[in-house]
Amino acid sequence: MIKRIDATEKAVELINILKEKHGDLMFYQAGGCCEGTQPQCFEKGGYYQRTGDVCIGVVEDTEFWVDKDLFEYWKHAHFTLTVIDAFGVGGFSLETPLKKTFQIEYRIFTPEEEKDLEPVSRIE
């Protein structure tokens, strides 16, 4: 099965730092307002997903949720979670005090990959 999301080594390191401080985590990527399309990292359960939102996979035992409308737009793309030294949009994410920002890099799946994608789960 082809994963829909992966993470760079730097992103994995930051996730582990945040897990040590905050416990179990979750990611949520929305499509507008204050957070733009930047992935936000919260303590698990610290953000309430909406009906139809999609979990595209798990990074370091941390679920990565995507807004249902954003998923429809990006469902043919692989996500790679990265991190940069910067203050992100909104500042609600747990990495903000560390002067870091999670970001997503996208690439379109090949036709062969599309045939073997990991299933997603949705909020019913």
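Throughout this document, residue positions are counted from 1 along each chain, in the order its sequence is written. Where totals are concerned, whole chains, interfaces and linings use all residues; where local detail is concerned, this predicted model gives features only for residues with pLDDT of at least 70, and gives and counts side-chain atom pairs only at 80 or more. Processing note: side-chain calculations cover all non-hydrogen atoms of the structure and skip hydrogens and water entirely.

The chain is annotated in an unreviewed UniProt entry as DUF779 domain-containing protein of Flavobacterium potami.

A. View of helix α1 (residues 9–22). With 14 residues, α1 should reach 20 Å at 1.5 Å per residue; the first-to-last C-alpha distance of 20 Å fits that figure. Exposure is judged per residue with a 1.4 Å probe applied to protein chains only, and the accessible area is read against the type maximum: over 50% gives exposed, under 20% gives buried, and values in between give partly exposed. Working definition: helices are DSSP H or I runs of at least four residues, strands are E runs of at least two. Numbering for both runs from the N terminus. Residues of α1 that are buried: Ala11, Leu14, Ile15 and Leu18. Along the axis of α1, the buried positions cluster into a sector of 105°, meaning they face one direction only. Of the exposed residues in α1, the ones pointing more than 90 degrees away from its buried face are Glu9 and Glu20. Under the convention used throughout, the expected extent of a helix is 1.5 Å for every residue step, that is, one less than its residue count. Directions from the helix axis toward the C-beta atoms define the arc.

B. Up close: unusual backbone geometry. Non-glycine residue Glu60 carries a positive phi angle of around 50°. The phi dihedral of Asp61 falls on the positive side, at around 60°, and the residue is not glycine. Positionally, Asp61 belongs in the loop between β4 (54–59) and β5 (62–66). Classification of Asp61 as exposed rests on a relative accessible area of 71%.

C. How the structure looks around the pattern of salt bridges. Any carboxyl oxygen of Asp or Glu within 4 Å of a side-chain nitrogen of Lys or Arg constitutes a salt bridge here. Summed over all chains, the structure comprises 7 salt bridges. One connected set of salt bridges, linked through shared partners, spans Arg50, Asp53 and Asp67.

D. Region of the structure containing the sheet that holds strand β6 (residues 77–84). For two strands to be treated as a pair, DSSP must find no fewer than two bridges joining them. The strand order across the open sheet formed by 3 strands is β1-β6-β7, and the pairing between neighbours is mixed. The outermost strands of the open sheet, each flanked by one partner alone, are β1 (5–7) and β7 (101–108). The mean angle between the axes of side-by-side strands here comes to 25°, regardless of whether they run parallel or antiparallel. Where β1 lies against β6, 3 bridges are found, and the strand directions are parallel. Of the residues in β6, the one forming a bridge with Asp6 is Thr80. In this description, contact between two residues means that some pair of their heavy atoms is separated by no more than 4.5 Å. Only C-alpha atoms enter the line fits that serve as axes; for helices the fit covers just the stretch in contact. Angles between N-to-C directions range over 0 to 180 degrees. Strand contacts of α1: β1, β6 and β7, with the helix running at about 65° to β6, the strand carrying the most contacts.

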